[in-house]
Amino acid sequence: MSTVAQAKRGFSSREDERAASPDDLLFEPPLRIVEYPDPILRARNKRIETFDENLKKLVSEMFDVMYKTEGIGLSAPQVGMNVRLMVFNPAGERGEGEEIVLINPSVYKYSKKMILFDEGCLSFPGIYADVERPDSVQIEAQDIMGANFKFDLSGLPARIFQHEFDHLQGTLFFDRMTEEVVNSIRTELKALEKKYEDRTGLRSPEKIEMRRRMRAVAGFGKS
Ligand SMILES: CSCC[C@H](NC=O)C(=O)N[C@@H](C)C(=O)N[C@@H](CO)C(=O)O
Ligand SMILES: [Fe+2]
């Protein structure tokens, strides 16, 4: 399927979510943050169906790298693992606030009220810009033991959840920015693309203009 067709489908329906194999969950610490425009950030993320010690270790390593890099949230694809897992702690400090672990999350309701917030992403070091998102969301997910639960999020936790949920859909924060806002960070985005091209010897897998066009079909409210 072409990238454009994938974006139109939005990786969103349950039928599209394949189950992760034990190999998909293998990792070697220390985890490292995957930076834009690495194609890992646009790849499909598989459902987790094995709730074991390895998963607990992965979650623990994700919190480690999140705190070390001054994050308040982290999704598995950002550490090279294409599975449907996110961790967050709005306090951003170990031992403070509440550590949330969400596996195979989905959204069943978004608020109508929308809020602008100056967002940063660990996969786009040093880049901050305004993103508009619903103020609150009602979600369901599984915990580290595989138990299902539902809860409501608003304010900063809702913001972090939506940012990380987007990562699980292959959507990046600039896909949600207005054209004017993307223009304000375009030089920094291009610098990250050049860094990737210099490091890998490969052409950047995406061109910013193309993502701009695809943003129109990203849409809120799909799950
Ligand atoms: C507001 S949602 C941001 C979530 C993001 N997670 C993964 O990319 C994240 O943690 N971004 C950081 C750059 C961030 O927001 N850090 C905080 C605390 O240092 C900040 O205020 O910059
Ligand atoms: Fe991010």
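Preceding this paragraph is the structure being described.
Quick summary incoming for the structure in this document. These numbers come from a predicted model, not from an experiment. (Residues numbered from 1 in each chain as written. Chains lettered and ligands numbered in written order. Predicted model: local features only at pLDDT ≥ 70, side-chain atom pairs only at ≥ 80, totals over all residues. Heavy atoms only, no water.)

In this section: the sheet that holds strand S3 (residues 100–110). Read across the open sheet, the five strands follow the order S1-S2-S3-S6-S7; overall the sheet is antiparallel. Edge positions in the open sheet fall to strand S1 (73–75) and strand S7 (148–154), since each of these has one partner strand only. When the angles between neighbouring strand axes are averaged without regard to direction, this sheet yields 40°. Here strand S2 (residues 85–88) runs beside S3; their pairing, made up of four bridges, is antiparallel. Across the sheet, Phe88 pairs through a bridge with Ile100, a residue of S3. Strand contacts of helix H2 (residues 53–68): S1, S2 and S3, with the helix running at about 45° to S2, the strand carrying the most contacts. Strands S1, S2, S3, strand S6 (136–142) and S7 of the sheet are contacted by helix H3 (residues 155–168), whose axis makes an angle of about 100° with S3. (Pairing = 2+ DSSP bridges. Helix = DSSP H or I, 4+ residues; strand = E, 2+ residues; numbered from the N terminus. Axes fitted to C-alpha atoms, helices over the stretch in contact; angles between N-to-C directions. Contact = heavy atoms within 4.5 Å.)

Turning our attention to the coordination of the iron ion (ligand 2). Taken together, Cys121 (SG), His163 (NE2) and His167 (NE2) make up the protein donors of the iron ion (ligand 2), found 2.0 to 2.1 Å from the metal. Sequence positions of the donors to the iron ion (ligand 2) reduce to the motif C-x41-H-x3-H. Of this pair, Cys121 sits in the loop between strand S4 (114–120) and strand S5 (128–134) while His167 sits in helix H3, placing them 46 residues apart in sequence. Of the two residues, Cys121 and His167, neither departs from the other in class, the shared state being buried. (Donors = N, O, S within 2.8 Å, 3.2 Å for Na, K, Ca; no water. Buried < 20%, exposed > 50% of the residue type's maximum accessible area, 1.4 Å probe, protein only.)

So, about the packing of aromatic side chains. Centre distance and the angle of the planes are the two values used to describe a pair of aromatic rings. Tallied over the entire structure, the rule returns seven aromatic pairs. For the ring pair Phe124 and Phe173, a centre distance of 4.9 Å and an interplane angle of 50° mean the geometry is tilted. Highlighted residues: Phe124 in the loop between S4 and S5 and Phe173 in the loop between H3 and helix H4 (179–200), separated in sequence by 49 residues. Relative to Phe174, the ring of Phe124 lies with its centre 5.9 Å away and its plane at 80°, an arrangement referred to as edge-to-face. Note that Phe124 is positioned in the loop between S4 and S5 and Phe174 in the loop between H3 and H4, a separation of 50 residues in sequence. Each of the two residues, Phe124 as well as Phe174, counts as buried. The positively charged end of Lys150 is found above the aromatic ring belonging to Tyr108, 4.8 Å away from the centroid. (Phe/Tyr/Trp six-rings, centres within 6.5 Å; stacked < 30°, edge-to-face > 60°. Lys NZ or Arg CZ within 6 Å of the ring centre and 35° of its normal.)

Honestly, that's just the spatial picture; any functional story needs more than this.
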